[in-house]
Amino acid sequence: MLAQLFNSTTIPVLEQVAGFAQDRHQVLAGNLANIDTPGYRTRDLPPELFEASLKKALRARDQNNQPAAPGGYRRPSNPLAEVRGDVKSMVRHDENNTGFEAQITEIAKNQMTHSLAMSVLVNQFQLLGAAISERA
Amino acid sequence: MISALDISASGLTAQRTRLTAIANNIANISTTHDESGAPEAYQPRFSVFETDDAVRGSHGAVGVKVASVEIADVDPRWRYQPYHPDAVQEGERKGYVAYPNISVMTEFTDALEATRAYEANLGVIDVTKEMVQQTLRILA
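Criteria and cut-off values
Residues numbered from 1 in each chain as written. Chains lettered and ligands numbered in written order. Predicted model: local features only at pLDDT ≥ 70, side-chain atom pairs only at ≥ 80, totals over all residues. Helix = DSSP H or I, 4+ residues; strand = E, 2+ residues; numbered from the N terminus. Buried ≥ 20, exposed ≤ 12 C-beta atoms within 10 Å, placed from the backbone. Contact = placed C-beta atoms within 7 Å. Core = buried A, V, L, I, M, F, W, Y, C linked by C-beta atoms within 7 Å. Nonpolar A, V, L, I, M, F, W, Y, C, P; charged D, E, K, R; others polar. Expected span 1.5 Å × (residues − 1). pLDDT = per-residue confidence, 0-100. Axes fitted to C-alpha atoms, helices over the stretch in contact; angles between N-to-C directions. Parallel < 35°, antiparallel > 145°, perpendicular 65-115°, else oblique. Left-handed = near helix turned anticlockwise from the far one by under 90°.

Draft legend 1. Representation of the overall build of chain A in the model. When helices and strands are tallied, chain A shows five helices and two strands. A buried classification covers 30% of the 136 residues belonging to chain A. Sequence separation of at least 24 residues holds for 79% of the intrachain contacts in chain A that already meet a minimum separation of 6.

Draft legend 2. Examining the nonpolar core more closely. Ranked by internal contacts, the top residues of the largest apolar core, which has 34 residues, are A:Ala18, A:Ala29, A:Leu32, A:Ala117, B:Ile7 and B:Val124. For this core, the secondary structure elements donating two or more residues are α2 (11-33), α3 (47-64) and α5 (100-133) of chain A together with α1 (2-27), β1 (45-56), β2 (62-71) and α2 (104-136) of chain B. With nine residues, α2(A) is the largest single contributor of residues to this core. Not counting residues within four places of it along the chain, the set of residues in contact with A:Leu32 comprises A:Gln103, B:Gly11, B:Ala120, B:Asn121 and B:Val124.

Draft legend 3. Here's a closer look at the interface of chain B and chain A. Listed as interface residues are 29 residues of chain B and, on the opposing side, 28 residues of chain A. The element contributing the most residues to the side of chain B that touches chain A is α2(B), with nine residues. Partitioned by chemical class, the residues of the side of chain B that touches chain A number 13 nonpolar, 14 polar and two charged.

Draft legend 4. Structural context of α5(A). Here α5(A) spans 49 Å end to end across 34 residues, near enough to the 50 Å set by a 1.5 Å rise per residue. When α5(A) is considered as a whole, its buried residues turn out to be A:Gln103, A:Glu106, A:Ile107, A:Asn110, A:Gln111, A:His114, A:Ala117, A:Met118 and A:Leu121. Its buried side turned inward, α5(A) meets α2 of chain A together with α2 of chain B. Following α5(A) by one or two positions, A:Glu134 adopts a phi angle in the positive range, close to 60°.

Draft legend 5. Inspection of the environment of B:Tyr80 at higher detail. Residues and elements named next belong to chain B. Within the element layout of this structure, Tyr-80 appears in strand β3 (residues 77-80). Using a count of 11 C-beta atoms within 10 Å as the deciding quantity, one classes Tyr-80 as exposed. Each C-alpha atom, one on Tyr-80 and one on Ser-103, is 19 Å from the other, the two residues being 23 residues apart in sequence. For Tyr-80, the residues in contact, after removing those within four places along its chain, are Gly-95 and Tyr-96.

Draft legend 6. Main features of α2(A). Along its 23 residues, α2(A) runs 33 Å from first to last C-alpha, staying within 8% of the 33 Å computed at 1.5 Å per residue. Most of α2(A) sits out of view: 18 of its 23 residues are buried.

Draft legend 7. Representation of the confidence of the model for chain A in the model. Residues and elements named next belong to chain A. Chain-level statistics for chain A give a pLDDT mean of 76 and a share of 73% at 70 or above. Mean pLDDT values over the elements of chain A span from 49, in helix α4 (residues 81-88), up to 90, in α5. Taken together, the stretch residues 67-77 has pLDDT below 50 and engages in seven contacts with residues farther than four places along the chain or on a different chain.

Draft legend 8. The arrangement of the environment of A:Arg59 in detail. Looking at where A:Arg59 falls in the secondary structure, it is placed in helix α3. With 11 C-beta atoms counted inside 10 Å, the residue A:Arg59 sits in the exposed group.

Draft legend 9. The arrangement of the packing of α1(B) against α2(B) in detail. All names here are of chain B. Interhelical geometry of α1 versus α2 gives an angle of 160° and a closest axis separation of 9 Å. Accordingly, the angle class assigned to the pair α1 and α2 is roughly antiparallel. Crossing handedness for the pair α1 and α2: left-handed. Touching Ala-4, Leu-5, Ser-8, Gly-11, Leu-12, Gln-15, Arg-16, Arg-18, Leu-19, Ile-22, Asn-25 and Ile-26 of α1 are Val-104, Glu-107, Asp-110, Ala-111, Ala-114, Ala-117, Tyr-118, Asn-121, Val-124, Ile-125 and Thr-128, all from α2.

So, in structure tokens, the structure goes:
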């Protein structure tokens, strides 16, 4: 019941986005720490790949998300889990060094993504709380 | 998430070690003999960085460490000072003193670079802290 409630909202999606932003932040922090390491190649978790993967998982979820039938509702087994699995293999070793400014920009952009996901997530929980307590 | 802090901290330590070596070089810019008193121009030190697999996050994020602090092998700057206690006593360089071959310009540029890299790591620590706090705010 509760899992069904959560799955009908954007909470699982936001959770994935925030998780990805946190993982990517670690990699970008490593890039800046190694800014003077000879032979170090810039690493990244490409957000485009993550977004494509997330979109695919969402589409799969929406197709399976039929209205509850009298025979009982069957929830698809966590479709977003596969996104996580994909992210692990996304370590990219660039041939060229992207440079200091580019890294800072990426960190700032990544933080904004994280901030956005977190704000909406907090809002979603507040809405759920309002519904449960029957007052806004 | 917390390992991002460790990674940035490893960057701070490495850059500070580098800055120490630079301070060492500038302090010894006129040192003409070694600890035992034998005349020898001070050779500049420089630090070598490498990735540190002991400090790592998920998905290939790695920290940095100082692999070694190397001593350069450069020819000294010769200066004619016959009454200097460290002056060469005989041979074709008689009366010359070996001064360290350290370029203040290079050292200061290096110091500036190390400082900026240090600041960049501090900035990332701020971002990490903010992200963690934001995540914890879900509970509030």
